[in-house]
Structures are given as C-alpha cells and as structure tokens.
Amino acid sequence: MLQGEHGFYEAIFRDLNIPYQPMRLEQDRRVSLGSPMRENQTLERAARVMQWIRAYRVRGYLLANLDPLVYEPKTFPELEMDQYGLTIFDLDRKFYTGGTHTKERATLREIRDVLRKTYTRRVGVEYMHMVDTEQKEWLRVRMEGNFNEEELSKDVQLRVLDRLVEAEAFEKFLHTRFVGHKRFSLEGGETLVPVLDALLDHGGENGVEQCVIGMAHRGRLNVLAHTLGKPLTKIFGEFEGHIDPNSTQGSGDVKYHLGEEDVFETSSGKEIRVQLASNPSHLEAVNPVVEGTVRAIQNRIGGGQDARHKVLPVLVHGDAAFAGQGVVAETLQMSQLRGYKTGGSIHIIVNNQIGYTTNPEDSRSTQFCTDVAKAIQAPIFHVNGDDPLAAVRMIRLALEYRQEFERDVVLDIVCYRRHGHNEGDEPSFTQPLLYKKIEAHPSVRAIYQDWLLRAGVIEREDAEKFNEELHARYRASLDEVRQSEAPTEDHAQVAAHKSEREWSTQVPSAGRADEIRDLLQTLTELPGDFVPHPKIEKLLQRQRGMGDGDQPFDFATAEALAFASILVDGQSIRLAGQDSGRGTFSQRHSVLVDAETGEKHVPLNDLRDGQAPYEVIDSLLSEEAALGFEYGYSIEDPAALTLWEAQFGDFCNGAQIQIDQFLAAGEAKWEERSGLVLLLPHGYDGQGPEHSSARLERFLQLYAEGNLRVANASTAGQYHHLLRLQALDEDKKPLIVMTPKSLLRMRVAGSSLDDLADGKFEPVLVDTACEDADVERVVLCSGKVFYDLAERREKEGLEKVALVRLELLAPCPTGVVEKALARVPNAATRVWCQEEPQNMGAYTFLRDRITFDGYAGRTAAASPATGVGLVHKREQQALVERALGL
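Only a predicted model underlies this, so the values are computations on that prediction, with no experimental measurement involved. (Residues numbered from 1 in each chain as written. Predicted model: local features only at pLDDT ≥ 70, side-chain atom pairs only at ≥ 80, totals over all residues. Heavy atoms only, no water.)

The next point concerns the side chain of T120. In this structure, T120 sits in the loop between α3 (108-119) and β3 (123-126). Of the polar contacts made by the side chain of T120, one reaches the backbone oxygen of R116; its length is 2.6 Å. If we skip the residues at most four places from it in the chain, T120 touches Y56, G60, L63, A64, N65 and L115. (Helix = DSSP H or I, 4+ residues; strand = E, 2+ residues; numbered from the N terminus. Polar contact = N/O pair within 3.5 Å; in protein donor to acceptor, adjacent residues only side chain to side chain. Contact = heavy atoms within 4.5 Å.)

Right under this line is the structure:
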C-alpha cells in the first residue's frame, strides 16, 4: 500500500459505517520505482487518459444539455473513466493534458472538469470528424481555453436582453392584434435574433462589410423588423392589406416571402450592408441563390481572399428542411469548388425539433439534422436555445472560424415552436404531450432576464420599462397605419407592364467583318510553348478556314465570336454547366489543355488588354443548386452575361423548382430582374426519351406578361446574334435557348461571314418560296425539323410548299408571322410541324396565337420520345410526310 493511502481508505469506510481493518503484507509486492515495468504501467495509464480525453472531444456532445424542454442527466459508456481503466484513485494523479488545460500537466480531476465544462453543458460540439488537423487544433484551443464560455461584457449581455425583449414583444403584439394571420412566429426560437445581431456586430470587427441572408419563414418578420430595420408601419401595413405602390407592377407576394435591404450599424459604429433575399415556400431553394449573389458581389469588388472576407453569406434553416431537402446537400458541395466558393457560409438552424407535424424519428435517419454538413467536414455547434449567451458565444466563434479558414460552419439552435406550423394550426392534435410541456415552459426572454436579475446585472424596473416602451412603439406604428389611407394602384401602368410585347431585335451588328476576322485570328492562336491535342490543332485550322470563307461558321465558332465581341466591349461573361468548358458534344473547347504539361489556356481571356473576364465553369453534377447559383449571380450582376448550360436539355427537370419559383416568377413577385440564359440541348435524334426534349412546352406554359424569352435558333448566325442581343439588351429577361445537337456540325446549319457581320437576330425565317404566288401550302416549324422538311421537299420537288421557321417562340412574333403569310395569299393550308408529341413542344402554345389548319407531329404521349431507333426514324418520316402533304 502506498504511503498515505491507509488514512484515505480508512476515512471512506468510516463514512460508510463499515469496520475497516487494513491488511498488512509481510512483503512489499509493489513494482519498484524506476523499474521498466513501473514505467510501462505509467505510460499505459497516460495512454488511457489520452484515449479518454479524445473520447470526450469526439462524443462529449452526447452528454450536453441541449433540449430546453427536457433535462435528463445522461451517461454514455464511452465517456466513463472506468472504460479506460481509470478510477477515482487516479483523480489526483498528474498527467500530460494533451492541450486540455493551460498547464502542461494537470491532475485527472482538473482534466475532467475542463472536458465536462467545455463539451457537456449547454453547448455540444462536433468537430473531430474534420480531417484538417490545423482546423481542429484551432477550434480545440479556443474552446477548451475558456471552457466554451468566452467572457462577455455587461454591455453585450444587456444587448442580448434588448434583442430578446424586442423579439418576444413583437410576436406577442402581432398575435393579439392580427388574430388568425399567418406570420410563422419565432416564439420558442427568439434566440435567433440576438444571434444574428451578435454575428453582424462581431462581423464588423472581423472585416465583414456586406452580408446576404437567406432564411425560411419562421421568424422572418422578426428578422425583417429587428435585423434589417424594416419599418414597423410597412410590416403592419402588409397585415392590413396595404400594398406598396412601387411593387404593383407585378403580382407581389405574401409578407413572409419578401426580402429587404438595410445598413446595420455595429456597436463600434461600423456599417454593414445587409440584404435578406426574397424566397418562396420552397425554403431551401434560396440557398444557392444567396451563394450566387454573394459570388457576384465578391467578383464585383475584385474577387480573391479580401473580397471573400468582406462579403458574408448566412443561411438560416429549419431542422427538418436541412436534413430532408436535397438542395441543401448540393449547396454544401459547392462550398469549396473553384467556380462557386464564397469563402464559407454561416449556417444557423432554428431547430424546432419537429417538421410541420412530423417528429424527428420520422423525418430523418441521422442522429442530428445537421449530420449532412459532416460531408464537407464543417464544424457543428449545438446550443440550448434557452441559453442565448451560449448561442452568442458560439456564433462569434463560428464567424472567426469562417474568416480564418474560409469554410462553412453550422450553429444548431435547439429550441421549440410555441405555436403550430402557422398560427392557424393546432399542434396538440398530433403532439399533445410535447405541447403541454411547451405551454408550461417560460420564454427565453423570461429565463434570461431572471438570470440577469439574480446576477445583479439589471434591475426589474428597468426591464419592465423597456418592455412598456416597446409596446408603446408598436401601438403607435399600428395606429399610424390604420389612420392612413391604403395606397392606390395605377391600373393603367400595371396593365401596360403585363401586356405581351414583341422583343426588339435591333442591336448594333452591321459592318463587323474586320472585327470578326481579328477576333477569330486571336482565338485560334496559341502561346508559343503550348502543345495542343492533335484533334484540337485540326479544329483550330478548320476555324481559320471559316474566316477565309472556305467553309461556313459552325455553332461553336459563332458562339465563341459572340462571346469575344461581348468581352472586348467590356461586358463580363460567366458560363457554367456540366462539362461546359469542353462542351457536352466536344464542340466548344473554351478551355484548351496542353497535351504534355496539362496546363490550361482560355483563349477568350487572351483577346485584348482591358477586356472583361470570361469565366467558364465545369459544374458539379447538380441542376437545382447549380441553376439557383447562376440565377443569384445574374440578379446581382445584371451587366454580366450569365449562362447555365444543361448537359442535355432534359436535365433542367432537376432544376424545375428554381425555374418555377425564381426564374419565371421572380420579377412579378419580387421585382428581381434577371438576364440569365439557359442553354438546353434539344432535338430528336433517336437518343431515347431522356436526351431528346428540353421540355419546351413547360417554358412556354410558364410564359406570361413578358416574363421569359424562349428561342430555338436553327443557324449558327442566328445563335450568334441571339447571344449578342441578350447581352446588349438593357431590358433584362431570362432567355431559354433550345440549343442544337446534330446541327452543331451540320454544314447547312452553318452561316457565312456576312451573316455574322451584317445580320441580326430574326424572330422568323422565311424561305424564298414565300415569294411565289403559286404557293398552296405553308408549313410552320421551329428548330431541327426544318432541315428534315427542306431535304424531303427538295427530294420530292414540292415547289408549292413554303417553310416558315419560328426562331423566337416567346414572346410570340405573331405580327412577323402574319406578314410572312400575307406574301402567299393563295396558300390554302397552314400546318404546324414539330418533332415533339402533340401534348408537348410548342403546338399548344402557338395554336392560341397563330391560326393553323392542321398539325403534323408525333401523337400525344406520356414519354417524350421512343427509345427504339427504328421506331424513331419511322415516326420522323411520317410526320415530315404529313406536314408536306405526301
């Protein structure tokens, strides 16, 4: 027995009223000090201590008190000392700390206290899944160094109280004054408001100058009022049904979808421009839009690390949506990609612990809703929503981590939802026990205010006075709204805005032959030491021949020349999509790769001094997030030509939420103007149902009030002018282009130098047969099918059949079509011909705008196309013959 142990054991047994008689050995059997065996035992025990310490860092969050509604002392076997051969008799032994304490060596008791205080109180941290040792060590030092309890000044503590009082009073005021109105109350999660306040305030001290926020419904009105500073009269006016006259040129939107922009002043007097993005009820769909908006801002102020530190994306999520919505994972995967990185995003989850009426065990297979973020090795801070100071401390740490490492970080505020999904919902139908607890539970503000009172930080009279002043301010704002008259709409102005207008196609294009030759020469020159792939060398030779008139310009070259002319005029271009650098069909080759060194060369960035930048991105295999990112980029930088390209046109199916909610309706709902171009390969080439149709009919169905432009350019020259027109037009609208596949290299679809130099985009192309008064039949069509019709017409010698191509489908160029048809007054038959089934394509859209006598195309079908090559050819032949009257 070691010296001194006798008294220790005797005291224990005396306290337990158990007779104690120590056994006295005649021989000391202990391993002698300094012996190899004694050293091995010491090393082994030290190793077990380090294992135990690591276990706390990895699993300590499992013991944390995170749920405001339930407190249960927890145990987890892996965190018990005895699992590592350590006992209470080791508590006062000193061990190497492994960084858990300021001292290099500390007693096991001291180490245990540090671990418990850091990882098992009201903060639970997951960070040991991260691979980067530097990042883990950075976090460990800051967390264990102060037990995750950074000292906050009295001013900060009082500021947190002010924000909580404002948040709670605002919700209660709305609840009593606007009974039954949907507002998606923040009650139960009010900690979000001081967290956002602390994030922006600390951001100002860490170089943040701009912040873009995307968030769900819950708490949105509160954030608008207290983070964005939206006037209370405006918010209350929306509840009263008042509409801002400035927003009447569209449909508008419900108040919990609207965005806002304001300047946030930090406690030190610095200003941060804060923008809350508008978004629909597809809540997580706004995530990539915010990221694209931030990237555009960062590029505009110079790009690079400095810009990334200055502009901060913040995404506020619900727990069920963060776990369940695929666009969350898609957006997370963008975070470190060259073409999409924004320097890391701050993710804040208002964790209601319920999704609408669904319990967590039915809404996810993971332990936490945040587990999806582990895929990108983001650190995750779980905090008890009833401890606003803990949440403030962790959001400050999260911001510092983001600024240091430019990576995403997650703050999970575990709270509850005092009301149902909305205020008209009765949650106790499905969660009666949960809502009994919630009904009896005091508010965050009450809990925190009582703590401040006990700590002597405030006096009760001061808190009550502040609350009364707030309610007086709310009442005054509401009285002001109710005493004022609702703004009136200018109905004539609204009607003019909503009318369908033809797209002006006049852009400066004439006399550009010399410019085109010069640009083509530059595009086909390579750096002296660059070794191209042999096939690329042949491609460049062929392109040089186009400039000499040896062969027509193909689509890819016409596109490159359109881009080049836009860039040298000072307008930047961003093109992103799956394999867009090379092109899905090996047609573009925007990025050339040295065959020996692998070095990349982008000819469009090497045109002239002072040109605008060209950015081409091979995107991640995503449609919804990728398209949402480009939409966000386009609304923030309308001067740039922004394009998203699908690998095949049908891939836009995966982005339909972005198309429906943002692209088609964004201007009407939120006055967000976008000039985004969608390049969607479209055309029936016998490749089956998945790679034939870009779902043209969906875009035409979405078209109304001049919200979109939908085109199907059938020649290289038309495509060239279409891109230039979109770039130069100040009236920004999204442009949907049905781009070709087989036409990319079809000689008859090529264009001459004169077509590119002196032409312009023609919404309708009319062949020369329309000059013939003897024409008896007119076939109207769009896209690739024209060439099938023209070939068969020539073969059959059908001189009394004229072909009219619609290159622009929406806005429908009805006037131009009617003028063309007027030139053949004796044509008794007008037939619409298309490759798509009758219930798809442009037919159902055009028949309401143009008079047809017949339809020639595939019959209505559930699937866009057959997957059998022989059937495809038979169908194609039949529709051509039917169109031509054979």
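Once the structure has been displayed, the description carries forward.
What follows covers the nonpolar core. Ranked by size, the top nonpolar core spans 130 residues in total, and within it L678, L680, L789 and L846 carry the most contacts. If you look at the next biggest cluster of nonpolar residues, it comprises 94 residues, including L232, V409, L411 and A463. (Core = buried A, V, L, I, M, F, W, Y, C linked by side-chain atoms within 4.5 Å. Buried < 20%, exposed > 50% of the residue type's maximum accessible area, 1.4 Å probe, protein only.)

In this section: the packing of helix α5 (residues 154-177) against helix α6 (residues 192-205). The relative placement of two packed helices comes down to the angle between their axes together with the axis-to-axis distance. Remark: α5 packs on α6, axes separated minimally by 8 Å, with the N-to-C direction vectors making an angle of 135°. As judged from the angle between their axes, α5 and α6 are oblique. The two elements α5 and α6 meet at a crossing, and its hand is right-handed. Residue-level inspection shows R159, V160, R163, L164 and A167 of α5 in contact with α6, the latter providing V193, P194, D197 and D201. Residue composition of the contact of α5 with α6, by class: 5 nonpolar, no polar and 4 charged. (Axes fitted to C-alpha atoms, helices over the stretch in contact; angles between N-to-C directions. Parallel < 35°, antiparallel > 145°, perpendicular 65-115°, else oblique. Left-handed = near helix turned anticlockwise from the far one by under 90°. Nonpolar A, V, L, I, M, F, W, Y, C, P; charged D, E, K, R; others polar.)

Two cysteines, two sulfur atoms, one covalent bond between them: this is a disulfide. Per the stated rule, a full pass over the model turns up 0 disulfides. As a non-bridged cysteine, C833 has C781 as the owner of its nearest cysteine sulfur, 6.3 Å distant. (Disulfide = S-S within 2.5 Å.)

So, about empty space enclosed by the protein. The tally for this structure, following the rule as stated, stands at 6 cavities of 30 Å³ or more. By volume, the largest cavity amounts to about 190 Å³. In terms of lining residues, the largest cavity is bounded by 17 residues, among which L523, Q543, A560, R588 and H589 are the most central. Taken together, the elements giving at least two residues each to the lining of the largest cavity come down to α20 (534-547) and α21 (555-568). The residue inventory of the lining of the largest cavity, partitioned by class, reads 11 nonpolar, 4 polar and 2 charged. Its volume calculated, the second largest cavity comes out at about 150 Å³. Around the second largest cavity, the lining comprises 21 residues; the ones closest to its centre are H682, N712, S782, G783 and K784. Every element with two or more residues in the lining of the second largest cavity is listed here: β18 (735-739) and β23 (829-837). Among the elements that make up the lining of the second largest cavity, the one with the highest residue count is β23 (5 residues). Considered class by class, the residues forming the lining of the second largest cavity number 9 nonpolar, 8 polar and 4 charged. (1 Å grid on protein atoms, 1.4 Å probe; cavity = no way out; pocket = protein on both sides within 12 Å on 5 of 7 lines; lining within 4 Å. Points joined across faces, edges and corners; volume = space filled by probe spheres on them.)

So, about the sheet that holds strand β14 (residues 614-618). Taken in spatial order, the 7 strands make up an open sheet running β14-β11-β15-β16-β18-β17-β22, and their pairing is mixed. Because the sheet does not close on itself, it has two edges, and the strands there are β14 and β22 (808-810). Strand-to-strand twist in this sheet, taken as the mean axis angle between neighbours without regard to direction, amounts to 20°. With 5 bridges joining them, strand β16 (residues 677-681) and β18 adopt parallel strand pairing. (Pairing = 2+ DSSP bridges.)

Without other data, these values stay purely geometric and don't point to any function.
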